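Working through the structure, step by step
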Amino acid sequence: MTRALSHDDPLDGLPSRARIAELILGSRPPLDTYVGWQHYRTHYDLLVPAPTISPQKWSMLPESRRYDYDLYRELTNANLPLQDTPMHDKVGKLIRRRLSGNTRKKNDPTRAGVMISGWGNYGKTASVCSAGAVFEKQWLELHSHLNPQALPGTRDLHAPVVYVSTPVTATPKSLCTSILGFFRAPTRKSATLPELVRQVADSLYDHGVKALILDDISRLRMHRADDQDVLDLMRALMSLDVTLILTGVNISGIGLLREAKWNKKTRQWEMPPLESTRIHGLEVTQTEHRFELIEIDRFRYTTPKQIAAFVNHLKGIEKHLRLMNATQGMLTGGGMPEYLMRRTGGVIGLLGRLLEDGAQEAMDSGKEMIDESLLDEIVLRRDEPEQPPDEPVIPAAPRTAVKKATQAKRPRNTVFDDPGPAARAGA
């Protein structure tokens, strides 16, 4: 992500070479730190695309400026904008509604959470982080960038949103350490779990945290005792006036919060009760009723509304790309939408990768435009799940019994059978 550019060349509107080099070579802090999150929040939508010029004007530029402009075009083509898609809007609407309600509650001891599920390259993290950045901006403006619950005389950082990636081998201690690492808070190796939990609770309160984003939550596996303890810890965090936003791949199918089933009538995931509920009767309310699960889908190409959404997305990409011989309708005319849908399956991440690579190939080859023949040369690996239109993947029901092998029947004894009069006469 880059910050807004000030065009310092009034002749052709290009930034200086030093500025372009700064944008290309500049590093981004890790997103799971306060500095990295603030950098993302203030820069994720401020890239100014390269100005559009004709091939004739490009040929009139000095050779050094041609090189600068081509570098700037490569930077533009490699950073496609985050557009408003039906999937992105769905996530943003849910997160805004949940955060708006939770931040206004006064008496409810727990805060309902959100789970965002989807397959790889579906844009889960981008959509969730974008919604979190919008909320933090509005929250800071509402409180004049001051922490309304800060203690007098303190200078704690005000962090309404915290982004943390779930540890690969998650334990309650490692999750606490990751949350504290967002603020670069020191921790003792000898600290006990209750001490770490209390330190996390104090940090979330002192920094004014309202939303805690836990990414890659699908790393948890419920057959491990440590992962079950992590889930219990996340439930405990919901009582700290913090909204949990969990993102992961196929949350409903991996048994994270129980084996969910898809209800075709209500078009929602439903979580059947566990065997343990026969004894305790608490598991359903502790998990299912505290989170709202939504699935991020890919683009579809069946109904006119779905086709229009996909074509509008291609129009946004087409306006952003900078290729000399690009024409209007380069991505939306003729059979190109059907071709792109066939190549990518409507997966937004794969679509972006294909077109970014296509734009680079168009510049390197001198073709300066994208068409089917150019994209045919780009290898794109797509592991598409077997998923019927408008329905998610439904986990197979476990086998409850093993079929017994069929035993061979013994032949019937015919010694005392009466053959009848005809047979006796023949004898």
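Provided above is the structure to which this section pertains.
This report concerns the structure included in the present document. (Residues numbered from 1 in each chain as written. Predicted model: local features only at pLDDT ≥ 70, side-chain atom pairs only at ≥ 80, totals over all residues. Heavy atoms only, no water.)

What follows covers the sheet that holds strand E3 (residues 211-215). In space, the five strands of this open sheet follow the order E2-E3-E4-E1-E7, with parallel pairing throughout. With one partner strand each, in any of the chains shown, strand E2 (161-165) and strand E7 (291-295) form the two edges of the open sheet. Along the sheet, successive strands turn relative to each other by an average axial angle of 15 degrees, direction set aside. Inspection of the sheet shows E2 paired to E3 by five bridges, in the parallel sense. Directly across from Tyr163, in E3, lies its bridge partner Ile213. Across the sheet, helix H5 (residues 86-102) lies against strand E1 (113-118), E3, strand E4 (243-249) and E7, angled at about 170 degrees from E7, the strand it touches most. (Pairing = 2+ DSSP bridges. Helix = DSSP H or I, 4+ residues; strand = E, 2+ residues; numbered from the N terminus. Axes fitted to C-alpha atoms, helices over the stretch in contact; angles between N-to-C directions. Contact = heavy atoms within 4.5 Å.)

Our next topic: the nonpolar core. Counting residues in hydrophobic clusters, the biggest one holds 83 residues, and the most contacted among them are Trp37, Leu212, Met234, Leu244, Leu340 and Leu375. A total of seven residues in this core trace back to one element, the largest contributor, which is helix H13 (residues 348-365). Every residue in contact with Leu375, bar those within four places of it in the chain, is listed here: Met336, Tyr339, Leu340, Arg343, Leu354, Leu355, Gly358 and Ile370. Counting 12 residues, the second largest nonpolar core, distinct from the first, contains Ile20, Ala50, Ile53 and Tyr69. (Core = buried A, V, L, I, M, F, W, Y, C linked by side-chain atoms within 4.5 Å. Buried < 20%, exposed > 50% of the residue type's maximum accessible area, 1.4 Å probe, protein only.)

Looking now at the packing of aromatic side chains. Under the counting rule described, the total for this entry stands at seven aromatic pairs. The interplanar angle of 90 degrees and the centroid separation of 6.4 Å between the aromatic rings of Tyr34 and Phe182 together place this pair among those described as edge-to-face. Pair noted here: Tyr34 is in helix H2 (residues 34-43) and Phe182 is in helix H7 (residues 172-182), with a separation of 148 residues, a long-range link. For Tyr34, a relative accessible area of 18% puts it in the buried group. Ring centres of Tyr301 and Phe310 lie 5.9 Å apart, and the angle between their planes is 90 degrees; this geometry places the pair in the edge-to-face category. (Phe/Tyr/Trp six-rings, centres within 6.5 Å; stacked < 30°, edge-to-face > 60°.)

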